[in-house]
Amino acid sequence: MTSTDLQRRIEALWRIESPRLIAVLARMLRDVGVAEELAQDALVAAMESWPQTGVPDNPAAWLTTTAKRRAIDHLRRQKLLERKHAQLGYELESEQEQRTADIEDAMDDEIGDDLLRLMFVACHPVLSTDARAALTLRLLGGLTTSEIARAFLQPEPTIAQRIVRAKRQLAEKKVAFEVPRAAELGERLASVLEVIYLIFNEGYTATTGDDWMRPGLCEDALRLGRVLAGLMPTEAEVHGLVALMEIQASRARARIDAGGNPVLLLEQNRSLWDRLLIQRGFDALERAIKVGPAGPYTLQAMIAACHARALAAELTDWPRIAALYATLSQLTPSPVIELNRAVAVSMAFGAQAGLDLVDALVKASALDNYHLLPSVRGDLLNRLGRVDEARDEFLRAAALAGNACEHGLLLKRAAACG
């Protein structure tokens, strides 16, 4: 194996194992920042040792043992609880006496809980939404600071400062490394789901930059969602979010044409939709419905499923989608949800019915800087034959759009109005 191949293998292993490793160390040390540093120390040790000794039979166990040694050294230096130190020392000695395969089996007893705790820490509401997203990708996605910066089109120093600040806040606030108790679980779980969906949405339709999509972020969010579903199998909204992301991700190949231009939902070639992802989404949706009442993510997954079941755009069950949006709007009132409902109503009951709802949103002024409001209004006006007004709306939407692809698409729609 060449040195380049070895480095790639180590990097791939780190991407997979780092969340588990950091989670174990964070449980031991109760400090996410120090846990990440010691995990990276173990990675450095591997990169120094393995070119000479070769990759061990169980590299994950090697990394864990090395990292735990460093954790014990850290505890000794800090003169923390001697009893805790003795306990950790005994744990390490016991693991070293076992065969390598047994080490990993012993870790599996608590690794699920550790990962779950780490998710709740990284997504703690004490942090800003941007900080939660960056820290989650760093600790649980295994991404480097530069990769996160590229994904969100932010300067690397900005992301680095955001992550450092987040870890400092967690330490200053003494955020417990634990799964919240029942009384707090709902709010805290909502924060975790919000962060995962934020990451997915930024990948699905980038808010800024030249690219319409950033598939890497969608994949990271899906991986996090699947892990969370495995750790919390009785939480309906976790399965609902996974279902929603699986079904939306299935459309990725159809959302961009050969020239890299966006393709809107009703114009997509549905034969390009990934049927495996759709089936995974249906399965997750079935689990969500089975274990609890439908929450916001489950309702959105039901809407996505309506589109996925329609083999052609004209076969879409728009009355059902409009009804689901009405239920969603009652559950979590939002002008964005109401805008989506207006689109469904227009498809089910005519453009004027949808325009009436959109005009009410315009009067409310809640979406004045949201480019999709004039975009939807332009589409409805165009369908009603009011092309001059439609063109003005598309131009207004283009001026508000932050994504270059979307900006170009809206200008083309304006030009098509004559």
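Predicted, not measured: the structure shown is a model, and the values here were computed from it.

Asker: Which parts of the structure should I look at to understand the pattern of salt bridges?
Answerer: Two side chains bearing opposite charge may form a pair once their charged atoms approach each other closely. Considering all chains together, one arrives at 19 salt bridges under this definition. Note that Arg280 and Glu246 form a salt bridge whose closest N and O atoms lie 3.3 Å from each other. Residue Arg280 is found in helix H12 (residues 275-291), and its partner Glu246 is found in helix H11 (residues 236-249); the two are separated by 34 residues along the sequence. Look at Arg280 and you get partly exposed, because its relative accessible area is 37%. A salt bridge links Asp379 to Arg383, with the shortest nitrogen-to-oxygen separation between them at 3.9 Å. Taken together, the residues span about one helical turn, with Asp379 and Arg383 both in helix H17 (residues 372-383) at a distance of four residues. In this structure Asp379 comes out as partly exposed when scored by relative accessible area, which is 24%. Shared partners join several salt bridges into a network, and the residues in it are Asp359, Arg377, Glu393 and Arg396.

Asker: Looking at this model, I keep getting lost on the packing of aromatic side chains. Mind explaining?
Answerer: Here the distance between the centres and the angle between the planes together describe a pair of aromatic rings. Summed over all chains, the structure comprises four aromatic pairs. Taking 5.7 Å as the distance between ring centres and 90° as the angle between the ring planes, the aromatic pair formed by Tyr197 and Tyr297 counts as edge-to-face. Taken as a pair, Tyr197 in helix H9 (residues 182-204) and Tyr297 in helix H13 (residues 296-309) lie far apart in primary sequence, 100 residues in all. Each member of the aromatic cluster is reached from another via a ring pair, and the members are Tyr197, Phe200, Tyr204 and Tyr297. The ring of Trp273 has Arg251 sitting right over it, with the charged end atom 5.7 Å from the ring centre. Over the ring of Tyr204 we find Arg255; its NZ or CZ atom is 3.7 Å from the centre of that ring.

Asker: Would you mind going over the state of the cysteines with me for this structure?
Answerer: Here, the word disulfide means a covalent bond between the sulfur atoms of two cysteines. Tallied over the full model, the rule gives zero disulfides. With no disulfide partner, Cys405 has as its closest neighbouring cysteine sulfur the one in Cys218, 14 Å distant. For Cys405, a relative accessible area of 17% puts it in the buried group.

Asker: Explanation requested: the environment of Ala67 in the structure shown.
Answerer: Examined against the element boundaries, Ala67 turns out to sit in helix H3 (residues 59-78). Each C-alpha atom, one on Ala67 and one on Ala35, is 8.9 Å from the other, the two residues being 32 residues apart in sequence. Beyond its immediate stretch of four places on either side in the chain, Ala67 contacts Leu21, Leu25, Leu38 and Ala42.

Asker: How do you make sense of the confidence of the model for the chain when you look at a structure like this?
Answerer: Regions with low pLDDT should not have their predicted coordinates read in detail. Confidence in the prediction of the chain, expressed as mean pLDDT, is 87, and 91% of residues score 70 or more. Across residues 96-111, confidence stays below pLDDT 50; counting only partners more than four residues off in sequence or on other chains, it has 18 contacts.

Asker: I tried to follow the environment of Leu410 on my own but got confused; where do I start?
Answerer: Position of Leu410 relative to the elements: it lies in helix H19 (residues 404-415). Between the alpha carbons of Leu410 and Glu393 there is a distance of 9.4 Å; along the sequence they are 17 residues apart.

Asker: What is the right way to look at the environment of Gln154 in this model?
Answerer: Among the secondary structure elements, Gln154 is positioned in the loop between helix H7 (145-151) and helix H8 (156-172). For the pair formed by Gln154 and Arg70, sequence separation is 84 residues and the distance between their alpha carbons is 33 Å.

Basis of the calculations
- Residues numbered from 1 in each chain as written.
- Predicted model: local features only at pLDDT ≥ 70, side-chain atom pairs only at ≥ 80, totals over all residues.
- Heavy atoms only, no water.
- Salt bridge = Lys/Arg side-chain N within 4 Å of Asp/Glu carboxyl O.
- Helix = DSSP H or I, 4+ residues; strand = E, 2+ residues; numbered from the N terminus.
- Buried < 20%, exposed > 50% of the residue type's maximum accessible area, 1.4 Å probe, protein only.
- Phe/Tyr/Trp six-rings, centres within 6.5 Å; stacked < 30°, edge-to-face > 60°.
- Lys NZ or Arg CZ within 6 Å of the ring centre and 35° of its normal.
- Disulfide = S-S within 2.5 Å.
- Contact = heavy atoms within 4.5 Å.
- pLDDT = per-residue confidence, 0-100.

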